[in-house]
Amino acid sequence: QVQLVESGGGLVQPGGSLRLSCAASGISDRINIMAWYRQSPGKERELVATINGFGSTYYADSVRFTISRDNAKNTVDLQMNSLKPEDTAVYYCNAIRLWGGTKYEYWGQGTQVTVSS
């Protein structure tokens with residue numbers, strides 16, 4: 001059974017930093033794409049950043065964060081700097097595996113990030 005477990009969320013003051021981590025277990029094949037999404041109260045879940053197995057990244061507009069991954073460990077991190085109150089959200093780890101023409105998608109349970117003074 002594939003599991004994604006996030007860690008690193010919490011309360012931080014505006015301008016501060018947090019580093020989120022996500023570890024995937026129960027999967028022995030290559031994870032093609034790993035990503036971070038977030039969902040604020042009353043809003044739809046939105047993409048923050050993605051990274052593929054070759055290290056190519058994509059960031060949503062105005063994102064001030066850095067995504068990175070360790071293919072050998074099946075982990076993905078999100079370094080968040082200069083945090084603002086509007087970054088407050090539940091952050092979700094996402095993993096996509098492509099195999100035999102089928103897309104397998106997995107989600108973590110989410111980790112709360114609160115930016116407040």
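A short tour of the structure in this document, coming up. (Residues numbered from 1 in each chain as written. Predicted model: local features only at pLDDT ≥ 70, side-chain atom pairs only at ≥ 80, totals over all residues. Heavy atoms only, no water.)

## Section: the pattern of salt bridges
Thinking step 1. Under the criterion given, the structure shown has five salt bridges.
Thinking step 2. Where R38 meets D87, a salt bridge forms, and the shortest distance between an N and an O atom there is 3.0 Å. Of this pair, R38 sits in strand β4 (residues 33-39) while D87 sits in the loop between β8 (75-80) and β9 (89-99); the two residues are 49 residues apart in sequence, bridging distant segments of the chain. Across the pair, exposure class does not vary: R38 and D87 are buried alike.
Thinking step 3. On the basis of relative accessibility, which here comes to 1%, the residue D87 falls in the buried class.
Thinking step 4. Among the charged side chains, a salt-bridge network with shared partners connects R38, E46, R64 and D87. (Salt bridge = Lys/Arg side-chain N within 4 Å of Asp/Glu carboxyl O. Helix = DSSP H or I, 4+ residues; strand = E, 2+ residues; numbered from the N terminus. Buried < 20%, exposed > 50% of the residue type's maximum accessible area, 1.4 Å probe, protein only.)

## Notes on the packing of aromatic side chains
Thinking step 1. Going through the model one piece at a time under the given rule, you end up with one aromatic pair.
Thinking step 2. Between the NZ or CZ atom of R45 and the centre of the ring of Y92, over which it lies, the distance is 3.7 Å. (Phe/Tyr/Trp six-rings, centres within 6.5 Å; stacked < 30°, edge-to-face > 60°. Lys NZ or Arg CZ within 6 Å of the ring centre and 35° of its normal.)

## Here we look at the nonpolar core
Thinking step 1. Counting residues in each nonpolar core, the largest one holds 26 residues, and the members touching the most others are W36, V76, L78, M80 and Y91.
Thinking step 2. Elements with a minimum of two residues in this core: β3 (18-25), β4, β5 (46-52), β7 (65-70), β8, β9 and β11 (111-115). (Core = buried A, V, L, I, M, F, W, Y, C linked by side-chain atoms within 4.5 Å.)

## A closer look at the state of the cysteines
Thinking step 1. All chains considered together, the criterion is met by one disulfide.
Thinking step 2. In this model C22 forms its disulfide with C93; the gap between the sulfur atoms is 2.1 Å. On the S-S bond that ties C22 to C93, the torsion sits near -80°, and the link is left-handed. Taken together, the residues span a long stretch of sequence, with C22 in strand β3 and C93 in strand β9 at a distance of 71 residues. Accessibility assignment for this pair places C22 and C93 in one class, buried. (Disulfide = S-S within 2.5 Å.)

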